[in-house]
Amino acid sequence: SQQGEEDPQALSIQEGENATMNCSYKTSINNLQWYRQNSGRGLVHLILIRSNEREKHSGRLRVTLDTSKKSSSLLITASRAADTASYFCATGLFNDYKLSFGAGTTVTVRA
Amino acid sequence: DAGITQSPRHKVTETGTPVTLRCHQTENHRYMYWYRQDPGHGLRLIHYSYGVKDTDKGEVSDGYSVSRSKTEDFLLTLESATSSQTSVYFCAINAGQGAYEQYFGPGTRLTVT
């Protein structure tokens, strides 16, 4: 069964605005990752946050992790048309190299 | 796509026929995975491999088998394709050794008629 669930399912924003999406999961994890998928392409790894970290940044991306609430958020600042894609969270367990993916959030950035 | 190729990229086949999808990597990574992606389900793990001849089942393995006779190749076989196996199939790799990120191939779109 899927570990992570993203919210919202879809998001439409204006170019330059920020986009925030959330991921909730069910069991204790070792790490949580975010991936992007452009239409018709494979997934691309964006960022990984470990269970002992609370926040991580990479360029215009900011990820937070709250293990007490079993939730994570991905913030994309100053969005661009090229950010239009589906975003997936994936959780990994301790001593395990498998990932469990959520169903994704589809982000549309309007010019 | 991180040195990962998948073949074929598109295939249409008839119900009941066998189908083999190939994933090839050039990075010599230990772990390889097969996922299927369907609308509303995200990615679901079919099978994975943690070394040559070492494979294990994922959450949706029924109707699929895999083989890995060389580090660089991971084959997914549908012994007798069914319409429910119409999907997009992705291969992924992972280096292991404390690195948990996965890198994905471009996908294979399979249609079973």
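Before reading on, note that the structure itself is shown above.
Residues numbered from 1 in each chain as written. Chains lettered and ligands numbered in written order. Predicted model: local features only at pLDDT ≥ 70, side-chain atom pairs only at ≥ 80, totals over all residues. Heavy atoms only, no water.

Caption draft 1: How the structure looks around the nonpolar core. All names here are of chain A. Met 21, Leu 32, Trp 34, Leu 74, Ile 76 and Tyr 87 are the most contacted members of the largest nonpolar core, which totals 22 residues. At the level of secondary structure, the elements contributing two or more residues to this core comprise strand 2 (10-14), strand 3 (19-24), strand 4 (31-37), strand 5 (43-50), strand 7 (61-66), strand 8 (71-76), strand 9 (85-92) and strand 11 (105-110). Aside from chain neighbours lying at most four places away, what touches Tyr 87 is Glu 6, Met 21, Tyr 35, Arg 36, Leu 46, Leu 74, Ile 76, Gly 104, Thr 105 and Val 107. (Core = buried A, V, L, I, M, F, W, Y, C linked by side-chain atoms within 4.5 Å. Buried < 20%, exposed > 50% of the residue type's maximum accessible area, 1.4 Å probe, protein only. Helix = DSSP H or I, 4+ residues; strand = E, 2+ residues; numbered from the N terminus. Contact = heavy atoms within 4.5 Å.)

Caption draft 2: Representation of the sheet that holds strand 3 of chain A. Residues and elements named next belong to chain A. An order of 1-3-8-7-6 is seen for the 5 strands of this open sheet, with the pairing classed as antiparallel. Each end of this open sheet is capped by a strand with a single partner; those strands are strand 1 (5-7) and strand 6 (55-58). Neighbour-to-neighbour, the strand axes of the sheet open up by a mean angle of 20°, direction not taken into account. Here 6 bridges tie strand 3 to strand 8, and the two strands are oriented antiparallel to one another. (Pairing = 2+ DSSP bridges. Axes fitted to C-alpha atoms, helices over the stretch in contact; angles between N-to-C directions.)

Caption draft 3: Quick look at the state of the cysteines. Residues and elements named next belong to chain A. Counted according to the given criterion, the structure contains 2 disulfides over all chains. Bridging Cys 23 to Cys 89, the disulfide has an S-S length of 2.0 Å. For the disulfide bridge between Cys 23 and Cys 89, the dihedral angle about the S-S bond is near 65°, and by the sign convention the bridge is right-handed. In this pair, Cys 23 sits in strand 3 while Cys 89 sits in strand 9, placing the two residues 66 residues apart along the sequence. Across the pair, Cys 89 and Cys 23 agree in class, each one buried. (Disulfide = S-S within 2.5 Å.)

Caption draft 4: Main features of the interface of chain B and chain A. Taken together, the contact pairs 23 residues of chain B with 22 residues of chain A. Carbon and sulfur atoms make up 54% of the surface buried where chain B meets chain A, a total of about 1800 Å² over both sides. On the chain B side of the interface with chain A, the three residues burying the most area are Leu 43, Tyr 100 and Phe 104 of chain B, jointly 33% of the side's total. Summed over the shared surface of chain B and chain A, the number is 0 salt bridges. Linking chain B with chain A are 7 residue pairs in polar contact (both at pLDDT 80 or more). Mapped by element, the contributors of at least two residues to the side of chain B that touches chain A are strand 4 (31-38), strand 5 (42-51) and strand 9 (87-94) of chain B. The residue makeup of the side of chain B that touches chain A, split by class, is 11 nonpolar, 10 polar and 2 charged. (Buried area = accessible area lost by both parts, 1.4 Å probe. Salt bridge = Lys/Arg side-chain N within 4 Å of Asp/Glu carboxyl O. Polar contact = N/O pair within 3.5 Å; in protein donor to acceptor, adjacent residues only side chain to side chain. Nonpolar A, V, L, I, M, F, W, Y, C, P; charged D, E, K, R; others polar.)

Caption draft 5: Highlighting the sheet that holds strand 1 (residues 4-7) of chain B. Residue and element names in this part refer to chain B. Taken together, 4 strands build an open sheet; the order of strands is 1-3-8-7 and the sheet is antiparallel. Strands with a single pairing partner mark the edges of an open sheet, and in this sheet they are strand 1 and strand 7 (64-70). Averaged over all neighbouring strand pairs, the angle between strand axes comes to 20°, with direction disregarded. Note: strand 3 (residues 19-25) against strand 8 (residues 73-78), 6 bridges, orientation antiparallel. Bridge pairing in strand 8 places His 24 opposite Asp 73.

Caption draft 6: Structural view of the packing of aromatic side chains. In the structure shown here, the tally under the stated rule is 12 aromatic pairs over all chains. Seen from their ring centres, Tyr 35 of chain A and Phe 101 of chain A are 5.4 Å apart, and the 55° between their planes marks the pair as tilted. Here the residue Tyr 35 of chain A occupies a position in strand 4, and Phe 101 of chain A occupies one in strand 10 (residues 99-101), the gap between them amounting to 66 residues. No difference in accessibility class separates Tyr 35 of chain A from Phe 101 of chain A, as the two residues are buried. With a centroid separation of 4.9 Å and an interplanar angle of 15°, the aromatic rings of Tyr 97 of chain A and Tyr 100 of chain B are classed as stacked. (Phe/Tyr/Trp six-rings, centres within 6.5 Å; stacked < 30°, edge-to-face > 60°.)

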